[in-house]
Amino acid sequence: MTHRPITLIGAGRMGSALAGGWLKAGLGGRIDIVEPRAGDLLQGWAEAGQVTLNSHIALADILVIAVKPQVFGDLADEIAARVGPETQVLSIMAGVSLATLTAKLGTRKTARAMPNTPGLVGRGVTLLCLPEEAEAQVEADMRALLEPLGSVEGPIGEDLLPAATAVSGCGPAYGFLLAEVMAAAGIAHGLDPDLATRLARKTVEGAGALMAGSPEDAATLRRNVTSPNGVTQAALEVLMREDALPSIFVAAIGAAIKRDRALSEETG
Ligand SMILES: NC(=O)c1ccc[n+]([C@@H]2O[C@H](COP(=O)([O-])OP(=O)(O)OC[C@H]3O[C@@H](n4cnc5c(N)ncnc54)[C@H](OP(=O)(O)O)[C@@H]3O)[C@@H](O)[C@H]2O)c1
């Protein structure tokens, strides 16, 4: 983990998850948080001397931006006042490009990351995106900053970030949807709604835990629980038809990519 001091702009869900991870990694005392509505968690950290809250504007060493993309435009000048020649910027804002960060903050020392919500419990996956000229040490520092949220993938090219975001950034919602539609199908076939909801939820949770604990890929795990001509196979033959889940997912990821690009144009 980096020993450079960190300034965090925005400590909502993702920002506070990151800060919590940095504190667990022993960075207490080196974190400055800018957050206009600091709740009990942040106030507690500040009272314990682990972070400073809303201190005066000063040049940052590592500056992590975790505000909503929609407010970044209004905040850019204020944030730029914290950026000096040595400041390394890391943004987790969706849809704000490296070029926009450079233009608004006046530095090429930028990096982007796209986390996902399981990062709130340390089980996320974050995509890292760096300018071409970034040195190996920058990648190492950025990985160390993001690892409290879970695993870190990349660096990948910014052109691939929308597709990767559509898979992993949006992906937790697809997992939750699976639990919803499984429950609804059970109810449609006569199960009590509460029971169907519990069965579907626990099954999705359990399948995720099994996958997390196994070196096998998802397709092998699926085949391992599918007896030839059995009950599971009958269901999978419907789900895996060419016009069913495989093509629906290609279309869904395509729609997410399109929306991501449109949002980037609005904020960029
Ligand atoms: N959640 C996700 O799954 C996810 C995934 C990937 C990327 N991201 C990105 O992560 C970023 C943060 O998302 P989030 O879910 O953590 O959002 P969030 O909970 O709304 O956090 C943003 C925080 O920034 C604060 N803020 C607003 N104005 C500020 C200012 N002037 N100075 C400092 N802080 C200010 C907000 O305070 P107020 O509440 O008072 O406005 C809020 O606490 C977003 O850019 C999002 O695109 C999120």
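Data block above holds the structure.
This one's a predicted model, so the numbers in the text were calculated from it and none came from an experiment.

Describing the pattern of salt bridges
Consideration 1: In this structure the tally under the stated criterion is nine salt bridges.
Consideration 2: The salt bridge partner of R112 is E158, with a shortest N-O separation of 2.8 Å. Pair noted here: R112 is in strand β6 (residues 110-114) and E158 is in the loop between β8 (150-153) and α6 (161-169), with a separation of 46 residues, a long-range link.
Consideration 3: By relative accessible area, which is 27% here, E158 ends up partly exposed.

Structural notes on the layout of surface pockets
Consideration 1: The calculated volume of the second largest pocket comes to roughly 1000 Å³.
Consideration 2: Lining the second largest pocket are 38 residues, with V67, K68, P69, I92 and A94 sitting closest to its centre.
Consideration 3: Those elements that provide at least two residues to the lining of the second largest pocket are α1 (13-24), α3 (69-80), α6 and α11 (245-267).
Consideration 4: With six residues, α11 is the largest single contributor of residues to the lining of the second largest pocket.
Consideration 5: Taken together, the residues of the lining of the second largest pocket break down into 20 nonpolar, ten polar and eight charged.
Consideration 6: The two domains that each donate at least three residues to the lining of the second largest pocket are domain 1 (6-156) and domain 2 (171-264).

Brief notes about α6
Because an α-helix completes one turn every 3.6 residues, residues spaced three or four positions apart along the sequence face the same direction.
Consideration 1: Inspection of α6 places L161, P162, A164, T165, A166 and S168 among the buried residues, and these make up the whole buried set.
Consideration 2: On its buried side, α6 packs onto β6, β7 (124-129), α7 (171-188) and α11.

So, the site of the ligand
Consideration 1: With respect to spatial proximity, 21 residues lie near the ligand, and among them M14, E35, R37, V67 and I92 are the closest.
Consideration 2: Between an oxygen atom of the ligand and a main-chain N or O atom of G12, the distance comes to 3.5 Å.
Consideration 3: Look at the ligand: alone it shows 890 Å² of surface, and the protein chains cover 78% of it.
Consideration 4: A molecule is said to occupy a pocket when more than half its atoms come within 2 Å of that pocket's grid points, and by this definition the ligand occupies the second largest pocket.
Consideration 5: Where the shell around the ligand is concerned, the elements lending two or more residues are α1 and α3.
Consideration 6: A per-class count over the shell around the ligand returns 14 nonpolar, three polar and four charged.

Observations concerning unusual backbone geometry
Consideration 1: Between G154 and P155 the backbone carries a cis peptide bond, its omega angle lying at 5°.
Consideration 2: The backbone of N54 sits at a positive phi, close to 50°, despite the residue not being glycine.
Consideration 3: Residue position: N54 is located in the loop between β3 (51-53) and β4 (62-65).
Consideration 4: With a relative accessible area of 41%, N54 lands in the partly exposed category.
Consideration 5: The residue N229 is not glycine, and still its phi comes out positive at about 60°.
Consideration 6: Looking at where N229 falls in the secondary structure, it is placed in the loop between α9 (218-224) and α10 (231-239).

Cut-offs and rules
Residues numbered from 1 in each chain as written. Predicted model: local features only at pLDDT ≥ 70, side-chain atom pairs only at ≥ 80, totals over all residues. Heavy atoms only, no water. Salt bridge = Lys/Arg side-chain N within 4 Å of Asp/Glu carboxyl O. Helix = DSSP H or I, 4+ residues; strand = E, 2+ residues; numbered from the N terminus. Buried < 20%, exposed > 50% of the residue type's maximum accessible area, 1.4 Å probe, protein only. 1 Å grid on protein atoms, 1.4 Å probe; cavity = no way out; pocket = protein on both sides within 12 Å on 5 of 7 lines; lining within 4 Å. Points joined across faces, edges and corners; volume = space filled by probe spheres on them. Nonpolar A, V, L, I, M, F, W, Y, C, P; charged D, E, K, R; others polar. Domains from an automatic or database assignment. Contact = heavy atoms within 4.5 Å. Near = heavy atom within 4 Å. Polar contact = N/O pair within 3.5 Å; in protein donor to acceptor, adjacent residues only side chain to side chain. Areas by Shrake-Rupley, 256 points an atom, 1.4 Å probe, with all protein chains shown as cover. Sits in = over half its atoms within 2 Å of the grid points.

That's the geometry; what it means functionally is another story.
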